[in-house]
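Analysis of the macromolecular model
Okay, here's what each chain looks like letter by letter:
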Amino acid sequence: MSNSVDTAVQLADLSATTLLRFATAGSVDDGKSTLVGRLLHDSKSVLTDQLEAVEAASLKRGQEAPDLALLTDGLRAEREQGITIDVAYRYFATPRRRFILADTPGHVQYTRNMVTGASTADLAVVLVDARNGVIEQTRRHAAVAALLRVPHVVLAVNKMDLVAYEEKVFARIAEEFTAYASELGVPEITAIPISALAGDNVVEPSANMDWYGGPTVLEHLETVPVSHDLTSCHARLPVQYVIRPQTAELPDYRGYAGQIAAGTFRVGEPVTVLPSRRTSRIAGIDLLGESVDIAWTPQSVTLLLEDDIDISRGDLIVPSGDAPATTQDVEATVCHVADQPLTVGQWVLLKHTTRTVKAIVKEIPSRLTLDDLSQHPDPGRLVANDIGRVKVRTAEPLALDSYADSRRTGSFLLIDPADGTTLAAGMAGESFATHKVLDTVEDEAGWDF
């Protein structure tokens, strides 16, 4: 009985802790998978059978000690080549916080995989080999983090044991990276010297670097602020389903169900439905079968309105005083993720929250080179792993926020209407916090929408 009670208490305590989503990135052989493995191992987040499997695989490869990188590099091709290819997601927890980790590939060939893993991250850990310093791939990772508006970036200067734990080596790399990432608009950068292989400053403080007085990697992950001021968010509810039971008990019930994408909603609040711009007032909010007066992101709720108006899946319910403009002309930065190219004049489907509309690619003004952030004008097409600016015309108006204001309602997907393949992931508005919007070109001749 006491064990059951203790377990219940532990689960209750765990549910009360905050959740941090973070992604890792680093060049090939920078030790990223070893860092993740060390983090999981030293925080006691590895099951016994998992550790035994890693030990057996390590022995097969002629290694005496377990290769902790194998805890995340699960694909056979990854283990054979010693690189990360796909995004590996891991869940672990400490008494202070819960974590969802996206271990992303470091090779330029898999830029699209890093975009996928970092798109929902609150924090990105960028690894650098202390012997090599900041290289082109490091700058790419910083640029992707800035592009995706990741609010916190950790620079983990790895393999400090191979440079005799010298403070000046760490200081030089940290200064160079911080200057570059700050220019991109990254709001917070924390540099930590580590040795993933030896465990220095990963979970436990290093006795070899007494000159460093900052947090370990895990300590920073446990304490970095991830709470958001819900009152300052633009409240948005994409309608996923209209609930009409029409039973004897509920003959007139009409509710609009969905997950709150941002902000808060309150009973009595005037709301507007987009794109129709019809208005009403919230008569009730149902949450998990109970009526509540207030709900916030990311709760899944059902809103009841005072008026019977035409609302369907894909509509967006917003506060009347904070309604975004609707448009059929979308200008955005996209990361192309498909093997087939994206070309000017191509017909696509654009999926924004729960709404999917027909669209056409009107223009590809530029392709971005992450190495030096230069713009290549009018490339005509984007291929796999390319990042570029696009102008898209939709058949129906959309209510997009700027991605800088809301990562949830400022993002969208471009989809191939023929087979449903995802072509590109888009971010509405400007590319970087410091980047100037490209000049628009008005050319709607021959448009039939």
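Residues numbered from 1 in each chain as written. Predicted model: local features only at pLDDT ≥ 70, side-chain atom pairs only at ≥ 80, totals over all residues. Heavy atoms only, no water.

What follows concerns the overall build of the protein chain. Across its full length, the protein chain carries eight helices and 25 strands. The buried share among the 449 residues of the protein chain stands at 49%. The long-range fraction of contacts in the protein chain, counting pairs at least 24 apart against all pairs at least 6 apart in sequence, stands at 70%. Surface accessibility of the protein chain: about 20,900 Å² in total, with carbon and sulfur atoms responsible for 50%. (Helix = DSSP H or I, 4+ residues; strand = E, 2+ residues; numbered from the N terminus. Buried < 20%, exposed > 50% of the residue type's maximum accessible area, 1.4 Å probe, protein only. Contact = heavy atoms within 4.5 Å. Areas by Shrake-Rupley, 256 points an atom, 1.4 Å probe, with all protein chains shown as cover.)

So, on to the environment of Val 36. With respect to the helices, strands and loops of the structure, Val 36 is situated in helix α2 (residues 32–42). Exposure remark for Val 36: the relative accessible area of 1% places this residue in the buried category. With 66 residues separating them along the chain, Val 36 and Ala 102 place their C-alpha atoms 9.8 Å apart.

Averaged over the protein chain, the pLDDT score is 83; the fraction of residues at 70 or greater is 81%. When the criterion is pLDDT under 50, residues 1–16 qualifies, and its contacts beyond four places in sequence or with other chains add up to five contacts. Low pLDDT, under 50, characterises residues 434–449; the predicted model gives this stretch 31 contacts beyond four residues in sequence or across chains. (pLDDT = per-residue confidence, 0-100.)

Our focus in this paragraph is the pattern of salt bridges. Applying the stated criterion to the full structure yields 13 salt bridges. The salt bridge partner of Arg 96 is Glu 222, with a shortest N-O separation of 3.5 Å. Of this pair, Arg 96 sits in the loop between β2 (88–94) and β3 (97–103) while Glu 222 sits in helix α8 (residues 217–223), and the two are 126 residues apart along the sequence. Residue Arg 96 is classed as partly exposed on the basis of its relative accessible area, which comes to 48%. (Salt bridge = Lys/Arg side-chain N within 4 Å of Asp/Glu carboxyl O.)

Let us look at the sheet that holds β3. Spatial strand order, β2-β3-β1-β4-β5-β6: six strands in an open sheet with mixed pairing. This sheet does not close on itself; its edge strands, each paired only once, are β2 and β6 (188–193). For this sheet, the mean angle separating the axes of adjacent strands, direction not counted, is 25°. Here strand β5 (residues 152–158) pairs with β6 via six bridges, running parallel. (Pairing = 2+ DSSP bridges. Axes fitted to C-alpha atoms, helices over the stretch in contact; angles between N-to-C directions.)

Across all of its chains, the model carries five aromatic pairs by this definition. With 6.4 Å between their ring centres and 85° between their planes, Phe 22 and Phe 92 make a pair best called edge-to-face. Of this pair, Phe 22 sits in strand β1 (residues 18–26) while Phe 92 sits in strand β2, and the two are 70 residues apart along the sequence. Residue Phe 22 shares its accessibility class with Phe 92, and that shared class is buried. Measuring from centroid to centroid gives 6.4 Å for Phe 170 and Tyr 212, while their planes differ by 80°, and the two rings are edge-to-face. Within this pair, whereas Phe 170 is found in helix α7 (residues 167–183), its partner Tyr 212 is found in the loop between β6 and α8, the two being separated by 42 residues in sequence. (Phe/Tyr/Trp six-rings, centres within 6.5 Å; stacked < 30°, edge-to-face > 60°.)

Bridge count between strand β20 (residues 355–369) and strand β21 (residues 374–377): four bridges; the pairing is antiparallel. What sits directly across from Thr 369, in β21, is Ser 374. Taken together, β20 and the strand that follows it, β21, pair antiparallel across an intervening segment of four residues, in which Leu 373 is found at a positive phi of about 60°.

The subject of this paragraph is the pairing of strand β16 (residues 316–319). Pairing geometry for strand β7 (residues 237–238) and β16, over two bridges, is antiparallel. Among the inter-strand pairings, Leu 237 is bridged to a residue of β16, identified as Ile 317. Relative to β16, strand β11 (residues 270–274) runs antiparallel, the two sharing four bridges. Bridging across to β16, Val 273 finds its partner in Ile 317.

In this section: unusual backbone geometry. Note the cis peptide between Leu 274 and Pro 275, where omega equals 10°. Tracing the chain through its elements places Pro 275 in the loop between β11 and β12 (278–287). Cis peptide bonds are those with omega within 30 degrees of zero, and the linkage from Thr 297 to Pro 298 qualifies with 5°. Here Pro 298 lies in the loop between β14 (294–296) and β15 (300–305). For Asp 378, which is not a glycine, the phi torsion comes out positive at approximately 45°. Relative to the helices and strands, Asp 378 is located in the loop between β21 and β22 (381–382). You can call Asp 378 exposed: its relative accessible area is 57%. Although it is not a glycine, Asn 385 sits at a positive phi angle of roughly 80°. Inspection of the secondary structure puts Asn 385 in the loop between β22 and β23 (387–398). By relative accessible area, Asn 385 is classed as buried at 17%.

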